[in-house]
Amino acid sequence: MDITKSVIFRGMSDSESDAALKALAAAEHSFAKDEIILHTGDTTEIMGLVLEGSVRIESNDVWGNRTILSHVEAGQVFAETYAFLKVEPLLVDAVANQDSRVLLLNMGSIGRVNDSSAWRLKLISNLLSISMQKNLMLSGRIFHTSPKSIRGRVTSYLSSVSLKTGSDEFDIPFDRQQLADYLNVERTALSKELGKMQSDGLLRVKKNHFKLER
């Protein structure tokens, strides 16, 4: 992908994007599927821009229970809040959801730059916009996990994807286990409920492909 097309560089000229990449010590790295990019408990000045593949943000407790909080696709960023604050330990892991390429950006220099460079002001504005969008996304997950029934959680999530894509037929970014972790339910119970919903004529599903029936 064209790095400068990412929302983090929105509104910047080519020269401004080049100056930002240089100041942020941009470095491209490859990660294998399920490789941890950033670890829970660490502090970091690094944020990531996904160039290829995808990254999932997940929380793992000491008993090995996993909760998936979000999915980061190509062109999107992660860990920007932690990188900007620098001193807050990560409460989550950032994990390659598949073989992926990620551009790592060192945000530490932002706090050390004392000028009003146009790229710096635009970068901070873009970070604020990204932060607000992620707040909405996390609020959405709370909405999806609020229903007491599994069917209620599934319908809430699938309805939101349908609304976002503008279609009743779509792929979701999760496999069955990951969807269960995202909705905070057991995988076997989720699979059973999806089977019931299919029998009831509410949807058709094959792996991560869904078609909602009205």
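Now for a look at the structure at hand.

1. Some thoughts on the nonpolar core
Then, in step 1: Grouped together as the largest cluster of nonpolar side chains are 20 residues, with contacts concentrated most on Y157, L158, I172, L179 and F210.
Then, in step 2: Counting residues per element, the ones that place at least two in this core are α5 (150–165), α6 (176–183), α7 (187–199), β10 (203–206) and β11 (209–212).
Then, in step 3: Each residue touching Y157, except ones within four places of it in the same chain, is listed here: H144, I172, P173, F174, L179, Y182 and L183.
Then, in step 4: Residues L24, L49, V77 and M107 belong to the second largest nonpolar core, which totals 19 residues.

2. Topic: the packing of helix α4 (residues 118–145) against α6
Then, in step 1: Running from N to C, α4 and α6 cross one another at 90°; their axes reach a closest spacing of 9 Å. One way to sum up the angle between α4 and α6 is to call them roughly perpendicular. For the pair α4 and α6, the contacting residues are R141, H144 and T145 in the first and D181, Y182 and L183 in the second.
Then, in step 2: Class assignment of the residues belonging to the contact of α4 with α6 gives a composition of 2 nonpolar, 2 polar and 2 charged.

The rules we used
Residues numbered from 1 in each chain as written. Predicted model: local features only at pLDDT ≥ 70, side-chain atom pairs only at ≥ 80, totals over all residues. Heavy atoms only, no water. Core = buried A, V, L, I, M, F, W, Y, C linked by side-chain atoms within 4.5 Å. Buried < 20%, exposed > 50% of the residue type's maximum accessible area, 1.4 Å probe, protein only. Helix = DSSP H or I, 4+ residues; strand = E, 2+ residues; numbered from the N terminus. Contact = heavy atoms within 4.5 Å. Axes fitted to C-alpha atoms, helices over the stretch in contact; angles between N-to-C directions. Parallel < 35°, antiparallel > 145°, perpendicular 65-115°, else oblique. Nonpolar A, V, L, I, M, F, W, Y, C, P; charged D, E, K, R; others polar.

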